[in-house]
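Architecture and fold: a report
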Amino acid sequence: MDATAATALRQLEAGAVLILLDVPFGTEVGLDYNVWNIGPKFRGVRTVTPGVHFLFHAVSAGGGGRQTGPRSGQFFEVVAGDVIVRRFNPLSEDLEPAPEVEDALRESREGLLEFANGLAPYPFDKGLRSWLSLTTRVSGTLVSKLSPPCGRICSVLPPSATAPMEEDMAPATGDDTGEGDHTMRLTRIPKRCLPEGVAGPDITRWSIDRSPALELVLGHMAHETDLLGELQFVYIAFLLGQVYDAFEHWKSIVALICNCEQALRKRPNLFIEFIGILHFQLKETPDDYFTDLETKSNTVIGALRTLFSNVHTTPGINSELRTHTHDLEKLLRERFGWNDEEEDGEDAPVVVSIEE
């Protein structure tokens, strides 16, 4: 190997390399916050930073035109010097693993030089810091746990696939709740969970304060921050993968955490980090997404009002938690014209009958 080739190889090995084979011209390919429209020379991305990434694509609907079909995405984790290869399958229109090529390139690193001229550098100045902030609790282990068995997250599911739904009084097992190879394996979120032996007026209290339901969910996780990782996972699946069911699950987790009063005192660090994550997600969310959220879903709007009220009125709340809450309220007012006054109707507390 001459000096020029050796230098080129060292540059390729500065980070991970993602190689894409047989991708049709005009296909939209994205990696994290970066999107490319495939031309004849594009072969992938080099200098990919270590950690978790999200690769997605959509095939051109018009033979190289601007319109594209449904998105398909997949999370993957890399270390420095790693080589990831995906080959386009024209039958499934998916980017599938090509282990034989990966093995060959790992055994003979000089083979990477064949692809060097077609590899785009990872754009460090276009969203890397935002991507890292967006995935603070998303690990390779969590990705393996939550991703569909097939490994691909599709914006349009096959008819046989069903998504997990929020269930009234259902146990949160943390197990696979999906039916089908393409369904994300998300944690089941109960609408409410009454403590054992509760009766009388306490039924109303624990139907409003969802702390028991939160404890039930966290009890089936290795660490409380796994729920925050799941919140980030489904946010990415919705924002970049265009999976609406992921948005529904995101709303379920937000509503669960926001509607807790007792847990505010028990788990202040969870709420501090949750508010920080939610602050960043809403900051990154396009304006029209939040407008859609505000007009179509009083669930999240009401939940946020409940969270703010609980933080401001509950005695003994952590001062750092109050500060983070104030910052989130400020963002909502300044960017989205948030009206933080309580409203009647669907956002008002619901009194539950003792006979239920």
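For the structure itself, consult the block above.
The shown structure was predicted, so the numbers you read here are calculated from the model rather than taken from an experiment. (Residues numbered from 1 in each chain as written. Predicted model: local features only at pLDDT ≥ 70, side-chain atom pairs only at ≥ 80, totals over all residues. Heavy atoms only, no water.)

A few words now on the nonpolar core. Within the largest apolar cluster, 87 residues are counted, with the highest numbers of intra-cluster contacts made by L31, L214, W250, F271, F274 and L307. No other element matches helix α7 (residues 225–239), which puts 10 residues into this core. Those residues in contact with F271 that sit more than four places away from it in its chain are L214, I257, C260, A263, L264, L307 and L321. Counting residues in hydrophobic clusters, the runner-up holds 11 residues, among them I19, V85, L105 and L112. (Core = buried A, V, L, I, M, F, W, Y, C linked by side-chain atoms within 4.5 Å. Buried < 20%, exposed > 50% of the residue type's maximum accessible area, 1.4 Å probe, protein only. Helix = DSSP H or I, 4+ residues; strand = E, 2+ residues; numbered from the N terminus. Contact = heavy atoms within 4.5 Å.)

Next up on the list: the pairing of strand β4 (residues 44–48). The element β4 is largely enclosed, with a buried count of 4 among its 5 residues. For strand β1 (residues 16–21) and β4, the ladder comprises 3 bridges, and the chain directions are antiparallel. Paired with L18 across the bridge in β4 is V45. Across 3 bridges, β4 lies against strand β9 (residues 119–121) in parallel orientation. Bridging across to β9, R46 finds its partner in P121. (Pairing = 2+ DSSP bridges.)

Note on placement: R188 falls in the loop between β10 (153–154) and α5 (202–208). Of the residues examined, R188 reaches a relative accessible area of 18% and is grouped as buried. With 29 residues separating them along the chain, R188 and V217 place their C-alpha atoms 7.9 Å apart.

Strand order in the open sheet made by the 5 strands is β8-β7-β1-β4-β9, with mixed pairing throughout. The outermost strands of the open sheet, each flanked by one partner alone, are β8 (94–97) and β9. Geometrically, the sheet is characterised by an average inter-axis angle of 25° between neighbouring strands, direction not taken into account. The strands touched by helix α2 (residues 99–107) are β1, β7 (83–89) and β8; relative to β7, the strand with the most contacts, the crossing angle is about 150°. (Axes fitted to C-alpha atoms, helices over the stretch in contact; angles between N-to-C directions.)

Moving on to the sheet that holds strand β2 (residues 28–31). Taken together, the 5 strands give an open sheet; going across it, the order is β3-β2-β5-β6-β10, and neighbouring strands pair in antiparallel fashion. For this open sheet the edge positions go to β3 (34–37) and β10, each flanked by a neighbour on one side alone. In this sheet, strand β6 (residues 72–78) lies alongside strand β5 (residues 51–58) in antiparallel orientation, the contact comprising 7 bridges. Residue pairing in the sheet places F56 in a bridge with G73 of β6.

On to the pattern of salt bridges. This structure, assessed with the given rule, holds 12 salt bridges. Between R87 and D22 there is a salt bridge, and its shortest N-O distance comes to 2.9 Å. Residue R87 is found in strand β7, and its partner D22 is found in the loop between β1 and β2; the two are separated by 65 residues along the sequence. With relative accessibility at 31%, the residue R87 sits in the partly exposed group. A residue is classified by how much of its surface remains accessible, and D22, at 51% relative accessible area, is exposed. (Salt bridge = Lys/Arg side-chain N within 4 Å of Asp/Glu carboxyl O.)

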